[in-house]
Amino acid sequence: MRIAIGGLSVGEPKNIMYEILDEMRPHLPENMPRYLMGVGSPDCLVEGFLRGIDMMDCVLPTRIARNGTAFSSKGRIVVRNASYKEDFTPLDENCDCYCCSNYSKAYLRHLINADEILGGRMLSLHNISYLINLTRRIREAIMQDRFGDFCEEFRNSAEYNN
């Protein structure tokens, strides 16, 4: 059995969602996994885990990928933009996913702008890989009893505003 929380990410400001999660937390059983539905941005993952959420899911990473946007260690990248036309660097130099290891921003931009399905697939693969790696970093911080410090560092990074 698990506790599912829904309807908190359908248009209200994020700070309201966080306030509601803060209010709910003392009333949720500690012995059941807590699942927050429809949340998938890097900042919401960190803030959700900080508030006792165990699982989240969302279409956001693949939806924005199909439209040419990627999460990165330096914030969101919109590869559709003309500034990437001749940028032959990886999408995120801090990522070792298949997309970042094999495709440049310029080529990904070409694929997205030409409506080639490979572009959306590669950006989807990257965004999911990015979130898996973020979750691994969070888990490591929790296991090392430094999650509070991790949250503070993350909030002050470009990643937080992905």
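Shown above is the structure to which this text applies.
Structural notes, computed from the coordinates.

Criteria and thresholds
- Residues numbered from 1 in each chain as written.
- Predicted model: local features only at pLDDT ≥ 70, side-chain atom pairs only at ≥ 80, totals over all residues.
- Heavy atoms only, no water.
- Helix = DSSP H or I, 4+ residues; strand = E, 2+ residues; numbered from the N terminus.
- Rg over C-alpha atoms; globule rule 2.2 N^0.38 Å.
- Buried < 20%, exposed > 50% of the residue type's maximum accessible area, 1.4 Å probe, protein only.
- Contact = heavy atoms within 4.5 Å.
- Areas by Shrake-Rupley, 256 points an atom, 1.4 Å probe, with all protein chains shown as cover.
- Lys, Arg positive; Asp, Glu negative; His and termini not counted.
- Charge placed at Lys NZ, Arg CZ, Asp CG, Glu CD.
- Pairing = 2+ DSSP bridges.
- Axes fitted to C-alpha atoms, helices over the stretch in contact; angles between N-to-C directions.
- Phe/Tyr/Trp six-rings, centres within 6.5 Å; stacked < 30°, edge-to-face > 60°.
- Parallel < 35°, antiparallel > 145°, perpendicular 65-115°, else oblique.
- Left-handed = near helix turned anticlockwise from the far one by under 90°.
- Nonpolar A, V, L, I, M, F, W, Y, C, P; charged D, E, K, R; others polar.

Concerning the overall build of the protein
Then, in step 1: Of the regular secondary structure elements, the protein holds 7 helices and 5 strands.
Then, in step 2: The order of helices and strands in the protein, counted from the N terminus, is β-α-β-α-β-α-β-β-α-α-α-α.
Then, in step 3: In terms of overall dimensions, the protein is globule-like: its C-alpha atoms have a radius of gyration of 17 Å, near the 15 Å expected for 162 residues.
Then, in step 4: Summarising its shape, the C-alpha atoms of the protein cover approximately 50 × 30 × 25 Å along the three principal directions.
Then, in step 5: Among the 162 residues that make up the protein, the fraction classed as buried is 45%.
Then, in step 6: Counted over contacts in the protein with a minimum sequence separation of 6, partners at least 24 positions apart contribute 54%.
Then, in step 7: Put simply, the protein shows about 9100 Å² of open surface, and 51% of that area lies on carbon and sulfur atoms.
Then, in step 8: Treating the 19 positive side-chain charges of the protein as one cloud and the 22 negative ones as another, the clouds have centres 6 Å apart.

Let's talk about the sheet that holds strand β1 (residues 3-5)
Then, in step 1: The strand order β1-β2-β3 describes an open sheet built from 3 strands, whose pairing is parallel. A single partner strand is all that each edge strand has here, and the edge strands are β1 and β3 (55-57). On average, each strand axis in the sheet is inclined to that of its neighbour by 20 degrees, with strand direction left out of account.
Then, in step 2: The pairing of β1 with strand β2 (residues 34-37) spans 3 bridges and is parallel. Its bridge partner lying in β2, isoleucine 3 is registered against arginine 34.

With respect to helix α2 (residues 42-50)
Every α-helix carries 3.6 residues per turn, so stepping three or four residues along brings you back to the same face.
Then, in step 1: Counting buried positions along α2 gives 8 out of 9 residues, so the element sits mostly inside the fold.
Then, in step 2: Every buried residue of α2 is listed here: Pro42, Asp43, Cys44, Leu45, Val46, Glu47, Gly48 and Phe49.
Then, in step 3: Where α2 is buried, its residues contact α1 (14-24), β3, α6 (117-143) and α7 (147-155).
Then, in step 4: Glycine 52 lies just past α2 and shows a positive phi near 90 degrees.

Description of the packing of aromatic side chains
Then, in step 1: Following the criterion strictly, the structure yields 6 aromatic pairs and no others.
Then, in step 2: Here tyrosine 98 and tyrosine 103 contribute two aromatic rings whose centre-to-centre distance is 6.2 Å and whose plane-to-plane angle is 65 degrees, an arrangement assigned as edge-to-face.
Then, in step 3: Its relative accessible area of 47% is what places tyrosine 98 among the partly exposed residues.
Then, in step 4: Centre to centre, the rings of phenylalanine 147 and phenylalanine 150 are 6.2 Å apart; their planes meet at 15 degrees, and the pair counts as stacked. You can see phenylalanine 147 and its partner phenylalanine 150 sitting in helix α7, 3 residues apart, about one turn around the helix.
Then, in step 5: Each member of the aromatic cluster is reached from another via a ring pair, and the members are Phe147, Phe150, Phe154 and Tyr160.

Looking at the packing of α2 against α6
Then, in step 1: Contact geometry of α2 with α6 gives a least axis separation of 11 Å together with a crossing angle of 30 degrees. Classified by the angle their axes make, α2 and α6 are roughly parallel. Our pair here, α2 against α6, has a crossing hand that is right-handed. In this structure, α2 uses Pro42, Leu45, Val46 and Phe49 to contact α6, whose residues at the interface are Tyr130, Leu131, Leu134, Thr135 and Ile138.
Then, in step 2: Broken down by class, the residue content of the contact of α2 with α6 amounts to 8 nonpolar, 1 polar and no charged.

Scope: geometric values only; no functional claims are made or implied.
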